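Inside the fold
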Amino acid sequence: MSPEPTIPSMNITVLGAGAWGTALAIALAQRHNVLLWGRNPDTMAAAAAQRENAAYLPGFALPETLSLSADFSEALAHVTTAAGATTAAPATQSEALLIVASSVSGLRELAQQLQAFPIPNIVWLCKGFEENTRLLPHQIVRQVLGDAIPAAALSGPSFAQEVARGLPCALSVASVHAGLCEQVVAAVHGGNIRVYSTDDLVGVEVGGAVKNILAIATGVADGLGLGLNARAALITRGLAEITRLGIALGGRSETFMGLSGVGDLILTCTGDLSRNRRVGLGLAQGKPLASIVTELGHVAEGVRCAAAVRALAQECGVDMPISNAVAGVLFDGDSLQSVMELLLSRNPREESA
């Protein structure tokens, strides 16, 4: 087997020093000039001194080559000032990559901050729908930054701890800008990370959002001891729900059989590192939702976007009984017993319907 081609080093800024942003920064710093930005100066100073992000990704050493900063202007200068230039100017696409690793709820604010900078491109890692607007990440970015800046989503089955450990991982980059897809593949693909590209941005984002809700459902089923048969049924019928909504919103059916669809769904529903699955396990134990979220200490996007998905399904006339049941438990006070009885009492139908 011939070795992979050597990729020229890029300047990469990762905005967001949570678990996933930090893990990807660790991986990319092996081959590129990476700067990781976090908004909390104390947290970033401690991470720089200890060479470990103890707040969000404890136990993983930060490479000495990885720069850390809480200065937003410094972080953007890393990718907006062309090499050798004396004033800020847009870097070419081959020189720099801007990656936003915020939650969906923080994406709009960061995009608004970016309006003041000549950014070369933007790639986001977040998965979900914005709660109040029910917009997908690419719609938020387009609303704030317009269509002129090349934009992409990087998604797929990826636990931060495993990526930071250097274990194998496969991702999808989705964009209507073919050049940006090529750049992301060149930057990220290599070593133990594989990257595949698609232009189905809607499909990739819907898959990444709805799978979190279904992971809550499978966590509940596992917590109630309903068995592996029930888990397999929830995952399979959950994939049908994702596909129905995704197609209604403009995605393509084949996307949901890929990494950002069935791949991410299986990982999130079965992996012990899944925060959304842990929400379901906590609900099965009778814990209040507020306590579960506090114990997690991290964002569980399935909780945040369940109401948005339920509303979108109603607007689009899409049948999503599992997602609706999760929303009912989270927000309407529905009991787990009543929800299970409702799901089990549904009339038979064609499997492909």
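Conventions and cut-offs
Residues numbered from 1 in each chain as written. Predicted model: local features only at pLDDT ≥ 70, side-chain atom pairs only at ≥ 80, totals over all residues. Heavy atoms only, no water. UniProt positions renumbered as here; feature names shortened; annotations may be inferred. Salt bridge = Lys/Arg side-chain N within 4 Å of Asp/Glu carboxyl O. Buried < 20%, exposed > 50% of the residue type's maximum accessible area, 1.4 Å probe, protein only. Core = buried A, V, L, I, M, F, W, Y, C linked by side-chain atoms within 4.5 Å. Helix = DSSP H or I, 4+ residues; strand = E, 2+ residues; numbered from the N terminus. Contact = heavy atoms within 4.5 Å. Domains from an automatic or database assignment. Buried area = accessible area lost by both parts, 1.4 Å probe. Polar contact = N/O pair within 3.5 Å; in protein donor to acceptor, adjacent residues only side chain to side chain.

The protein chain appears in an unreviewed UniProt entry as Glycerol-3-phosphate dehydrogenase [NAD(P)+] from Collimonas fungivorans. Recorded in UniProt under Pathway (unreviewed entry), the annotation for the protein chain is "Membrane lipid metabolism; glycerophospholipid metabolism." UniProt annotates the protein chain under Sequence similarities (unreviewed entry) with the comment "Belongs to the NAD-dependent glycerol-3-phosphate dehydrogenase family."

On to the pattern of salt bridges. Going through the model one piece at a time under the given rule, you end up with 13 salt bridges. Between Asp147 and Arg142 there is a salt bridge; the shortest N-O distance is 3.2 Å. Accessibility expressed as a relative area gives 55% for Asp147, which makes it exposed. For the salt bridge of Glu254 with Arg252, the shortest nitrogen-to-oxygen distance reads 3.0 Å. For Arg252, a relative accessible area of 33% translates into the label partly exposed. Among the ionic contacts, a cluster of salt bridges with common partners joins Asp222, Arg231, Asp272 and Arg277.

To continue, consider the nonpolar core. Ranked by internal contacts, the top residues of the largest apolar core, which has 43 residues, are Phe129, Val206, Val210, Val279, Leu283 and Val309. Going through the elements one at a time, helix H8 (201-223), helix H9 (228-248), helix H10 (259-270), helix H11 (275-284), helix H12 (289-296), helix H13 (301-316), helix H14 (321-331) and helix H15 (336-344) are the ones with two or more residues in this core. Top contributing element to this core by residue count: H8, with 11 residues. Once you skip the residues sitting within four places of it in the chain, Leu283 turns out to touch Ile216, Val220, Ile292, Val329, Leu330 and Leu336.

On domain assignment, one finds that the protein chain holds domain 1 (11-199) and domain 2 (209-345). Each of domain 1 and domain 2 has a C-alpha centre, and the two are 27 Å apart. Taken together, the contact pairs 24 residues of domain 1 with 24 residues of domain 2. Of the roughly 2000 Å² buried where domain 1 meets domain 2, counting both sides, 66% is carbon and sulfur surface. On the surface where domain 1 and domain 2 come into contact, there are 3 salt bridges. Measuring nitrogen to oxygen at the nearest pair gives 2.1 Å for the salt bridge that ties Glu315 to Arg134. The tally of links between domain 1 and domain 2 comes to 5 residue pairs in polar contact (both at pLDDT 80 or more). Contributing elements (two or more residues each) for the side of domain 1 that touches domain 2: helix H4 (104-114), helix H6 (160-165), strand S7 (169-174) and strand S8 (193-198). With 3 residues, the single largest contributor to the side of domain 1 that touches domain 2 is S7.

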